[in-house]
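Coordinate analysis (summary)
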Amino acid sequence: MWGSKNRRIAELQDRVAQLVDERDAALRAVETERTARSIAVRQFCEAAAANKRIHGRNVHLTEQLERAREDANDGALDEMGARLDRALRACARYRADADGQARLNRNQQQLLDTFYGLDTPAIAEGAQWQQRRHDRLPGVKL
């Protein structure tokens, strides 16, 4: 008689343990859902705030665009185009002048090298004289 009662008590204790585990799992699931919901709500609120900021910025930019269009009708863009054309022509003149100066410098350097004899083959052959020295210490890099 006691064996069946003890077995029944053990079965009931196992069932209680199983129900407690299920309850704990359900509580963890509820807590996970709450956390996920709060994150989603926060992200939605941040997105809504960003949307409001972007809407305000769009309104401001639209107003600026309308003012620019009105100014364009007044000829401001034509004046800007003319100024850009003048600036491009000046830039082309400056580049041509700089190229001419660079060519002149190269020519003058060549003349100086020739005048002082720096363009002779003997100078070119002596460029590596330090590596060919007889009194050079081994292992010393120059």
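Computed from a predicted model, the values in this text were never measured in an experiment. (Residues numbered from 1 in each chain as written. Predicted model: local features only at pLDDT ≥ 70, side-chain atom pairs only at ≥ 80, totals over all residues. Heavy atoms only, no water.)

Re the overall build of the protein chain
Here is the rule we go by: Numbered from the N terminus, helices here are DSSP runs of H or I no shorter than four residues, and strands are runs of E no shorter than two. Buried residues are those whose accessible area, probed at 1.4 Å on protein chains only, stays under 20% of the maximum for their type, while exposed residues exceed 50% and partly exposed ones sit between those limits. With residues, only the protein chains shown are counted as cover, and all accessible areas are computed by Shrake-Rupley using a 1.4 Å probe.
Helix and strand counts for the protein chain come out as 3 helices and 0 strands. Reading the protein chain from its N terminus to its C terminus gives the helix and strand order α-α-α. Taking all 142 residues of the protein chain together, the buried fraction comes to 1%. When the accessible area of the protein chain is evaluated, it comes to approximately 13100 Å², of which 57% is carbon and sulfur surface.

Re the pattern of salt bridges
Side chains carrying opposite charge are able to pair once their charged atoms draw close together. The following threshold applies: One speaks of a salt bridge when a side-chain nitrogen belonging to Lys or Arg is within 4 Å of a carboxyl oxygen belonging to Asp or Glu.
The tally for this structure, following the rule as stated, stands at 4 salt bridges. With a closest N to O distance of 3.6 Å, Arg-8 and Glu-11 form a salt bridge. In this pair, Arg-8 and Glu-11 are both assigned in helix 1 (residues 2–73), 3 residues apart and thus about one turn of the helix distant. Accessibility expressed as a relative area gives 47% for Arg-8, which makes it partly exposed. The partner of Arg-34 in a salt bridge is Glu-31, and the shortest N-O contact between them spans 3.8 Å. In this pair, Arg-34 and Glu-31 are both assigned in helix 1, 3 residues apart and thus about one turn of the helix distant.

A closer look at the packing of aromatic side chains
Put simply, the rule is: To pair, rings of Phe, Tyr and Trp, with the six-membered ring standing in for Trp, must have centres within 6.5 Å; the planes then decide the type, stacked if under 30 degrees apart, edge-to-face if over 60, and tilted in the middle.
Counted according to the given criterion, the structure contains 1 aromatic pair. Centre to centre, the rings of Phe-115 and Tyr-116 are 5.1 Å apart; their planes meet at 80 degrees, and the pair counts as edge-to-face. The exposure class assigned to Phe-115 is exposed, which follows from its relative accessible area of 65%.

Details of a positive patch on the surface
Test applied: Patch construction takes residues with relative accessible area above 30% that form no salt bridge. Like charges are linked within 9 Å, and nonpolar side chains (Val, Leu, Ile, Met, Phe, Trp, Tyr) are linked within 5 Å. Neither His nor the chain termini are counted; the positive set is Lys and Arg, and the negative set is Asp and Glu. Lys charges are placed at NZ, Arg charges at CZ, Asp charges at CG and Glu charges at CD.
The grouping of Arg-83, Arg-86, Arg-89 and Arg-93 at the surface amounts to a positive patch. Note that Arg-93 resides in helix 2 (residues 76–116).

Brief notes about the side chain of Asp-113
Rule in force here: Residues are treated as being in contact if the distance between any of their heavy atoms lies within 4.5 Å.
Positionally, Asp-113 belongs in helix 2. Buried and without a salt bridge, Asp-113 has Arg-106 as its closest oppositely charged side chain, separated by 11 Å. Not counting residues up to four positions away in its chain, the partners in contact with Asp-113 are Leu-118 and Asp-119.

Here we look at the confidence of the model for the protein chain
Predicted coordinates in regions of low pLDDT should not be interpreted in detail. Worth spelling out the cut-off: Confidence scores per residue from the predictor, reported as pLDDT, run from 0 to 100.
Counting all residues, the mean pLDDT for the protein chain is 85, and 89% of those residues have values of 70 or more. Mean pLDDT across the elements of the protein chain ranges from a minimum in helix 3 (residues 121–125), with 77, to a maximum in helix 1, with 89.

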